[in-house]
Amino acid sequence: MQPFFAQRFEKVEPSFIREILKVAANPEIISFAGGLPNPHLFPVKAIEQACQDVLREQGAAALQYATTEGFAPLRQYIADRYLSRHGMEVNPDNILITSGSQQALDLLGKVLVNEGQDLIIEEPGYLGAIQAFSVYQPNFKPITLGEEGLDLAALDALLEQGTSARLLYGVPNFQNPSGVSYSRANREALAERLVRHDLLMVEDDPYGELRFEREHLPPIAKLAPHNTVLLGSFSKTVVPAFRLGWMVVPDWLRKKVTIAKQATDLHSNAFSQQVLHRFLCDNSLDAHLEKIKEVYGRQRAAMEAALTRHCPPGVSYTRPEGGMFLWLTLPSSVSAMALFDEAIKEKVAFVPGAPFYVRPEIQNTLRLSFSCVDEATTEEGIQRLCRALARML
Ligand code: PMP
């Protein structure tokens, strides 16, 4: 069947995580693998109420085709929230509602990436972004993500040596997979480089609202607004099933991404946009986020405490101040893929780090998700994981 497939799809791989999740679905397995928000925190009753209210008040109008840019009151809500949280002025006209932030990645790839063109991406990097951009066949240029953020010396070296890259993709808050956040200094220095080298950053921020420690840091889009597309999502703050996210685009990009969105799906689900907006008007998002942060914060602390108690020497891990993920670095002799097989024997699962790298030689890292595992189960799961690890050392 080879002649039927378009060339651009030849190198697009299936998501490795989906394969792992099939193994981890066995109920006997304690899974730190899934990157899912905790379903116990979904506001089911309030959404039921919002659905009814929208249908009763809007009737058939709630079920009609709608504008490509998205439901205007929802765009206004998002703009107001940037102002109240970050003192950041965003024109609602520059906010485009997307079908999850995942769609924003695809639309940006469609509009901005040429085949063979360099694309700068943090490493380890979000697998869904690697997958979405891969369709447009870029030449990925990885820049290491460290405890403080992007390795700017490595970025400078790349820019100096010459690159065709115009796009730089990163997740500055509680990154997936590492849990790392860019420091304030790193954001400022990166913003300066974006402007100086006329680069466009895709600032992917689905986790920024989930900060359970210390103060919020400014989006890079606030520091370099003409050189940033800021992506947001309601998947981790309300529910993922609505498939609602957004992008804040600079003026010069607005028309083209709107056309791309139109060509792709006309508009995102208009009913869920109205229900979501109704939910946000009738309930306090901040109060809802407090509940999520309280649970995730406690579960993160339980995971860290269990790792401190049970991890053999030579293992290090990140200490995220928000989000859903923690990142382990094993002694360099240990392959996380091999550990995965041992861990499954102990009935515990995680995601090996290798697929998050463009460079295949890094094998000794792994991702643990703390969003869905309560404290007692986390203690048990980390004990099992460390038992499996001890056997390999
Ligand atoms: N970006 C990052 C960094 C993510 O972790 C995710 C979800 N796993 C997404 C984008 C996509 O989220 P959604 O499409 O649900 O908004």
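Residues numbered from 1 in each chain as written. Predicted model: local features only at pLDDT ≥ 70, side-chain atom pairs only at ≥ 80, totals over all residues. Heavy atoms only, no water.

A. View of the packing of helix α12 (residues 336–345) against helix α13 (residues 375–392). Look at α12 against α13: their axes get within 9 Å of each other, and the N-to-C directions meet at 125°. Considered as vectors, α12 and α13 are oriented oblique to each other. Crossing handedness for the pair α12 and α13: right-handed. Seen from α12, the contacting residues are Ala338, Leu339, Glu342 and Ala343; seen from α13, they are Leu385, Ala388, Leu389, Arg391 and Met392. Residues of the contact of α12 with α13, tallied by class, amount to seven nonpolar, no polar and two charged. (Axes fitted to C-alpha atoms, helices over the stretch in contact; angles between N-to-C directions. Helix = DSSP H or I, 4+ residues; strand = E, 2+ residues; numbered from the N terminus. Parallel < 35°, antiparallel > 145°, perpendicular 65-115°, else oblique. Left-handed = near helix turned anticlockwise from the far one by under 90°. Contact = heavy atoms within 4.5 Å. Nonpolar A, V, L, I, M, F, W, Y, C, P; charged D, E, K, R; others polar.)

B. Examining the sheet that holds strand β13 (residues 351–352) more closely. With antiparallel pairing, the four strands of this open sheet are ordered in space as β10-β11-β14-β13. The sheet is open, and its two edges are formed by β10 (316–317) and β13, each paired on a single side. Sitting on the sheet, helix α11 (residues 285–310) touches β10, β11 (325–329) and β14 (365–369), and the angle it makes with β11 is about 15°. (Pairing = 2+ DSSP bridges.)

C. Focus on the side chain of glutamate 203. Looking at the secondary structure, you find glutamate 203 in strand β7 (residues 200–204). Arginine 187 provides the closest opposite charge to the buried, unpaired glutamate 203, separated from it by 4.8 Å. Reaching out from glutamate 203, the side chain makes a polar contact with the backbone nitrogen of isoleucine 220 at a distance of 2.8 Å. At a separation of 2.9 Å, a polar atom in the side chain of glutamate 203 contacts the main-chain amide nitrogen of alanine 221. Ignoring anything within four residues of it in the chain, the contact list for glutamate 203 reads Gly170, Pro172, Pro219, Ile220, Ala221, Thr228, Val229, Leu230 and Leu231. (Buried < 20%, exposed > 50% of the residue type's maximum accessible area, 1.4 Å probe, protein only. Lys, Arg positive; Asp, Glu negative; His and termini not counted. Salt bridge = Lys/Arg side-chain N within 4 Å of Asp/Glu carboxyl O. Polar contact = N/O pair within 3.5 Å; in protein donor to acceptor, adjacent residues only side chain to side chain.)

D. Focus on the UniProt feature "domain: Aminotransferase class I/classII large" (unreviewed entry) in the protein chain. Within this structure's numbering, the places UniProt gives as "domain: Aminotransferase class I/classII large" (unreviewed entry) are residues 43–385. The distance from the first to the last C-alpha atom of residues 43–385 is 33 Å, and the span holds 45% helix and 16% strand. (UniProt positions renumbered as here; feature names shortened; annotations may be inferred.)

E. Focus on the site of the ligand. Every one of the 14 residues lining the ligand counts as a neighbour, but Ser101, Asp204, Tyr207, Ser233 and Ser235 are closest to it. In this structure, an oxygen atom belonging to the ligand sits 2.9 Å away from a side-chain N or O atom of asparagine 176. A distance of 2.6 Å separates an oxygen atom of the ligand from a polar atom in the side chain of serine 235. Here the ligand loses 91% of its free accessible area of 400 Å² to cover by the protein chains. If you tally residues by element for the shell around the ligand, the top one is helix α4 (residues 100–112), at three residues. Across the shell around the ligand, the residue classes break down as five nonpolar, six polar and three charged. (Near = heavy atom within 4 Å. Areas by Shrake-Rupley, 256 points an atom, 1.4 Å probe, with all protein chains shown as cover.)

F. Seen up close, the pattern of salt bridges. Enumeration over the complete set of coordinates arrives at 29 salt bridges. For arginine 298, the salt bridge goes to glutamate 375, with nearest N and O atoms at 2.7 Å. Placement of the pair is arginine 298 in helix α11 and glutamate 375 in helix α13, with a sequence separation of 77 residues. The partly exposed category is assigned to arginine 298, whose relative accessible area is 35%. Overall, glutamate 375 belongs to the partly exposed group, its relative accessible area being 32%.

G. Quick peek at the state of the cysteines. Evaluated as defined, the whole model comprises zero disulfides. Just so you know, cysteine 281 is unpaired, no disulfide at all, and the nearest cysteine sulfur is the one on cysteine 51, 15 Å from it. (Disulfide = S-S within 2.5 Å.)

H. Geometry of helix α1 (residues 16–24). Of all the residues in α1, the buried ones are Ile17, Ile20 and Ala24. Taken end-on, α1 shows its buried residues confined to a sector of 60°, consistent with a single buried face. Opposite its buried face, α1 presents the exposed residues Arg18 and Lys22, each directed more than 90 degrees away. Those residues of α1 hidden inside the fold are in contact with β1 (30–31), α5 (127–134), α12, β12 (348–349), β13 and β14. (Arc of directions from axis to C-beta.)

I. Main features of the pairing of β11. The buried fraction of β11 amounts to four of the five residues, a majority that puts the element mostly inside the structure. Pairing geometry for β11 and β14, over five bridges, is antiparallel. Paired with tryptophan 327 across the strands is arginine 367, a residue of β14.

J. Fine view of the sheet that holds strand β4 (residues 139–146). Overall, mixed pairing links the eight strands, which are arranged β2-β9-β8-β7-β6-β3-β4-β5 in an open sheet. Of all the strands in the sheet, the pair left with one neighbour each is β2 (95–98) and β5 (149–150). Packed on one face of the sheet, helix α9 (residues 251–265) meets β2, β7, β8 (228–233) and β9 (245–248) and runs near 20° to β2.

K. The arrangement of the domain arrangement of the protein chain in detail. What the domain assignment reports for the protein chain is domain 1 (7–43 + 287–390) and domain 2 (44–282). Computed over C-alpha atoms, the centres of domain 1 and domain 2 are 24 Å apart. Summed over both partners, the interface of domain 1 with domain 2 buries about 3,300 Å², with 64% contributed by carbon and sulfur atoms. The largest share of the area that domain 1 buries against domain 2 comes from Pro43, Glu321 and Phe356, three residues that together contribute 22% of it. The tally of links from domain 1 across to domain 2 stands at four salt bridges. Put simply, glutamate 213 and arginine 300 hold a salt bridge, and the shortest N to O gap is 2.9 Å. The interface formed by domain 1 and domain 2 contains 16 residue pairs in polar contact (both at pLDDT 80 or more). Elements that contribute at least two residues to the side of domain 1 that touches domain 2 include exactly α1, α11 and β11. (Domains from an automatic or database assignment. Buried area = accessible area lost by both parts, 1.4 Å probe.)

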